[in-house]
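# Overview (structure and organization)
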Amino acid sequence: MSTGDVVVLDFWVSPFCLRVKMALAEKGVAYETQEEDLFGGKSELLVKSNPIYQKVPVLLHGGKAVCESTNILSYIDETWPSPPLLPPCTYGRAQARFWADFIDKKVFEEGNALWRTKGEEQEAAKKIFIETLKQLEGALGDNDYFGGATFGFVDIMLVSLTFWFCAYEKFGTFNLGDHCPKLSSWIKKCMERESVSTLLPDPEKVHEFVIMVRKMRGFE
């Protein structure tokens, strides 16, 4: 397969785009990226490829568009089955999908509440966010990864969000390791993987990006 057969419509700071790139890297699939300017104007290709939401990421495979990051991860896992991202048994796959849905619904939005709020509202947001991470830490248990001994679907879903954690910690004035030491160790273990370490943006640049967005949206 030539690289041009697989294209990711991308935005550098999007954890949802990062999920797609990590999954492709884990599968050993060569791909190209097209960086979108989400502030200056969306490309005609993005609007055409995802007319419903007009959002990244979009995976273009052989000219056909697949949208929404969790859906794209499933598509990648089915299209390139080795190595598998989901467990072999039906119960394991059901559990992985449950926690993937949990992550999708809670982590990014709850984390973003830390830079969108101040004072008592921010303290309440911090408590909610940390409690969610503790629930995930409970799901991880003493395993190396959420799938047990194997890095997989749920790990990609969550680790793709962690480069935003630096900004969350700074705005919420807390340290993840103090509250969730096992989850903090899991992040470090994930960082040993090439598919993670070579793709994660610089957390400090993400923090600067959040500061810019705060000013744009009048949160300062």
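What you see is a predicted model; the values in this text were computed from it and never measured. (Residues numbered from 1 in each chain as written. Predicted model: local features only at pLDDT ≥ 70, side-chain atom pairs only at ≥ 80, totals over all residues. Heavy atoms only, no water.)

### A closer look at the environment of Lys-182
- With respect to the helices and strands, the residue Lys-182 is situated in helix 9 (residues 181-190).
- With 38 residues separating them in the primary sequence, Lys-182 and Asp-144 have C-alpha atoms 9.6 Å apart.
- The contacts of Lys-182, once residues within four sequence positions are left out, are Glu-137, Leu-140, Gly-141 and Asp-142. (Helix = DSSP H or I, 4+ residues; strand = E, 2+ residues; numbered from the N terminus. Contact = heavy atoms within 4.5 Å.)

### A look at the pairing of strand 2 (residues 32-35)
- Across four bridges, the pairing between strand 1 (residues 6-10) and strand 2 is parallel. Residue pairing for strand 2: Val-7 is matched across the bridge by Glu-32.
- Crossover handedness for the path strand 1 to helix 1 (residues 15-27) to strand 2: right-handed. (Pairing = 2+ DSSP bridges. Right-handed = clockwise from strand over helix to strand, strands pointing away.)

### Some thoughts on the layout of surface pockets
- Volume-wise, the largest pocket comes out at about 850 Å³.
- Ser-14, Phe-16, Lys-55, Val-56 and Phe-108 are, among the 27 residues lining the largest pocket, the residues nearest its centre.
- Sorting the residues of the lining of the largest pocket by element identifies helix 1, helix 3 (69-79), helix 4 (90-116) and helix 11 (203-216) as the ones contributing at least two each.
- Looking at which element gives the most residues to the lining of the largest pocket, the answer is helix 4, with six residues. (1 Å grid on protein atoms, 1.4 Å probe; cavity = no way out; pocket = protein on both sides within 12 Å on 5 of 7 lines; lining within 4 Å. Points joined across faces, edges and corners; volume = space filled by probe spheres on them.)

### Regarding the sheet that holds strand 1
- Pairing is mixed in the open sheet, where four strands are placed in the order 2-1-3-4. Of all the strands in the sheet, just strand 2 and strand 4 (64-67) have a single pairing partner and so form its edges. When the angles between neighbouring strand axes are averaged without regard to direction, this sheet yields 25°.
- Inspection of the sheet shows strand 1 paired to strand 3 (residues 58-61) by four bridges, in the antiparallel sense. Across the sheet, the residue bridging to Leu-9 is Val-58, located in strand 3.
- In this fold helix 1 packs onto strand 1, strand 2 and strand 3, with an angle of close to 155° to the strand it touches most, strand 1. (Axes fitted to C-alpha atoms, helices over the stretch in contact; angles between N-to-C directions.)

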